[in-house]
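Next come the chains, spelled out residue by residue.
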Amino acid sequence: NERNCSRADNTASTGAVLRRPARPFPHRSSSGPTQAAMGDIHFIVDRLNEPPFSMPLSLVAFDEKPPFSMPLSLVAFDEKSPFELLEIVNAVIREISAEHAANLRDETPEATATRMMDFLFKVLNYQQSLEPEHFKTGLLHGDPGILYPALGWMLERRSELTTRAYLARFLLNVEIPEHMFGDDEILELYQQHKDLQEQFKEAHKASEQSRSQLISPAEIKKAIVQMEEDKEQLERKVEALHTKLHGSDGFEPMLREVGALRVEQDEQLKLAERMKEQRSHAYQAEQRLEQLSRALAGKKAEAGVSDLGRLLQKLEAEVAAMSRRAHEELPRAIAQRQQRHDELQQVLSLPAGSESDTREMLQHRQGLQRAIRELEV
């Protein structure tokens, strides 16, 4: 009895008394809530206990501090008065759109119901089967049968609805009476409004695409940490391998041979790049030759100059020389380098030999180097 009297006093002190419905609320029925309704209540209470809501046991005025920090329980939620339920609905709406940061004590029940219905139906596109007047009556009475489904729907889609509420600020249609479109100035302003809405849609779409393509700083930091760990592991492996092989027989000659192999591989890559450049130059020269040939044909047709034929022959000879170099000389040089590479690979694949074997390998290497120098000359 004391709790009921306290709740009645609290409701009366708001200045905007909400009437209880004549019929009992579904969650206060004698037979208890159904299994589906209990599932909805569980979901609502769980979400209200999470940030950013973190509802306390007692919901008080916005300018007062809650007396408890305990989480909202099923029992506490079920015992909320109609006005307190509307305060919870308003808190969820305020979290979706900051434009609804209103204190229900400063509004009449009629204004509160109209504001909530406009936001739910026009902005969030909330779907339900009741007639608008019936729904509004349920809001005025704080009917859980009306408020629970709306609460569950908003809490389940809060992130999506927050974006929809933001877009609705700029994309909601302005209702203008039909007869006012006869005014040219109003018609022009309305068309400008529509054009600006389309521009906003495109800008928002581009912004969302750019945001989805950005790599978060956390992912970049994680990748950097992973690469640093890989670098440290490689350094440890190299150091361990160097320590293991440093004292073995024939290590120094083998190290030199490996170094020479690496130099030859780099040289092979450079030759491949040069060959690619030469082929590109040959292609450009052929294109230039075609242009000159067309120009020459035009000049001959205009002036009938015969000695231009010698110039054309000279250009064709130059193109032939460049083509021969690109298709014969450079491939031959690359083949020689490849042969040298294969020989070094065979040397590395052989097991470590004696000191005499090493000397023979060095002599062979010197012979190959002389042969390479002769080829280069």
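Structural data are supplied above this passage.
Residues numbered from 1 in each chain as written. Predicted model: local features only at pLDDT ≥ 70, side-chain atom pairs only at ≥ 80, totals over all residues. Heavy atoms only, no water.

J.: Just give me the short version of the overall build of the chain, but keep the residues and values in it.
T.: Secondary structure assignment for the chain yields 13 helices and zero strands. Start at the N end of the chain and walk to the C end: the helices and strands fall as α-α-α-α-α-α-α-α-α-α-α-α-α. In the chain, buried positions account for 27% of the 377 residues. Taking all contacts inside the chain whose residues are at least 6 apart in sequence as the whole, residues at least 24 apart take part in 66%. Per element, the accessible surface of the chain, about 25,900 Å² overall, is 54% carbon and sulfur. (Helix = DSSP H or I, 4+ residues; strand = E, 2+ residues; numbered from the N terminus. Buried < 20%, exposed > 50% of the residue type's maximum accessible area, 1.4 Å probe, protein only. Contact = heavy atoms within 4.5 Å. Areas by Shrake-Rupley, 256 points an atom, 1.4 Å probe, with all protein chains shown as cover.)

J.: Could you give me a rundown of helix α9 (residues 184-213), with the residues and numbers involved?
T.: Its 30 residues place the ends of α9 44 Å apart at the C-alpha level, agreeing with the 44 Å of an ideal helix rising 1.5 Å per residue. All buried positions along α9 are accounted for by Q197, F200 and H204. On the buried face of α9, the contacting elements are α8 (158-171). (Expected span 1.5 Å × (residues − 1).)

J.: Can you lay out the packing of helix α5 (residues 109-123) against helix α6 (residues 132-141) for me, pointing to particular residues and giving the numbers?
T.: At a minimum axis distance of 9 Å, the contact between α5 and α6 shows a crossing angle of 125 degrees. In terms of orientation, α5 and α6 fall into the oblique class. The handedness of the crossing between α5 and α6 comes out as right-handed. For the pair formed by α5 and α6, the contact residues are P109, E110, A113, T114, M116, M117, L120 and F121 on the first element and P132, F135, K136, L139 and L140 on the second. Taken together, the residues of the contact of α5 with α6 break down into ten nonpolar, one polar and two charged. (Axes fitted to C-alpha atoms, helices over the stretch in contact; angles between N-to-C directions. Parallel < 35°, antiparallel > 145°, perpendicular 65-115°, else oblique. Left-handed = near helix turned anticlockwise from the far one by under 90°. Nonpolar A, V, L, I, M, F, W, Y, C, P; charged D, E, K, R; others polar.)

J.: Before we move on, can you summarise the packing of aromatic side chains with the specific residues and values?
T.: Summed over all chains, the structure comprises seven aromatic pairs. Here F121 and Y126 contribute two aromatic rings whose centre-to-centre distance is 6.1 Å and whose plane-to-plane angle is 15 degrees, an arrangement assigned as stacked. Take F121: its relative accessible area is 24%, and that puts it in the partly exposed class. Among the aromatic residues, those joined into a ring-pair cluster are F121, Y126, F135 and W153. (Phe/Tyr/Trp six-rings, centres within 6.5 Å; stacked < 30°, edge-to-face > 60°.)

J.: Just give me the short version of a negative patch on the surface, but keep the residues and values in it.
T.: Together, E228, E229, D230, E232 and E235 line one region of the surface with negative charge. Relative to the assigned elements, E228 resides in helix α10 (residues 217-246). E228 sits in the partly exposed class, given a relative accessible area of 46%. (Patch = residues over 30% accessible without salt bridge, like charges linked within 9 Å, V, L, I, M, F, W, Y side chains within 5 Å. Salt bridge = Lys/Arg side-chain N within 4 Å of Asp/Glu carboxyl O. Lys, Arg positive; Asp, Glu negative; His and termini not counted. Charge placed at Lys NZ, Arg CZ, Asp CG, Glu CD.)

J.: Report on the environment of M117, specifying residues and quantitative values.
T.: By the secondary structure assignment, M117 is in helix α5. Given the relative accessible area of 11%, M117 is considered buried. A C-alpha to C-alpha distance of 8.5 Å links M117 and P132, two positions 15 residues apart in sequence. If sequence neighbours within four positions are ignored, M117 has contacts with K122, P132, F135, K136 and L139.

J.: So, a nonpolar patch on the surface: which residues are in play, and what are the values?
T.: Judged by side-chain polarity, I215, I220, I224 and M227 come together as a nonpolar surface patch covering roughly 380 Å² of accessible area. The topology assignment puts I220 in helix α10. Looking at I220, the relative accessible area reads 41%, which means it is partly exposed.

J.: So, unusual backbone geometry: which residues are in play, and what are the values?
T.: Phi at N125 takes a positive value of approximately 60 degrees, unusual for a residue other than glycine. For N125, the position within the fold is in the loop between α5 and α6. Classification of N125 by relative accessible area gives partly exposed; the value is 43%.

J.: An account of the side chain of Q197 is needed here, citing residue identities and associated values.
T.: By the element assignment, Q197 lies in helix α9. Look past the residues within four positions of Q197 in its chain and what remains in contact with it is F170, L171, L172 and N173.

J.: Account for the pattern of salt bridges, naming residues and giving values.
T.: As enumerated under the stated definition, the model contains 13 salt bridges in all. Residues R169 and E99 are paired through a salt bridge, measuring 3.3 Å at the closest nitrogen-oxygen approach. Pair noted here: R169 is in helix α8 and E99 is in the loop between α4 (82-96) and α5, with a separation of 70 residues, a long-range link. Taken as a pair, R169 and E99 share a single burial class, namely exposed.

J.: Account for helix α7 (residues 144-156), naming residues and giving values.
T.: Compared with an ideal rise of 1.5 Å per residue, which puts 13 residues at 18 Å, α7 spans 17 Å between its outermost C-alpha atoms and is within 8% of the ideal. Of all the 13 residues making up α7, ten are buried; the element is thus mostly covered by neighbouring parts of the structure. Regarding α7, the residues found buried are P144, I146, L147, Y148, A150, L151, G152, W153, M154 and L155. The opening residue of α7 is D143, an N-cap whose side-chain oxygen sits 2.9 Å from the backbone nitrogen of G145. (Polar contact = N/O pair within 3.5 Å; in protein donor to acceptor, adjacent residues only side chain to side chain.)

J.: I'd like a description of the side chain of E257, backed by residues and values.
T.: Among the secondary structure elements, E257 is positioned in helix α11 (residues 251-303). Classification of E257 as buried rests on a relative accessible area of 8%. Excluding its chain neighbours within four sequence positions, the residues that come into contact with E257 are L344, L362 and R365.

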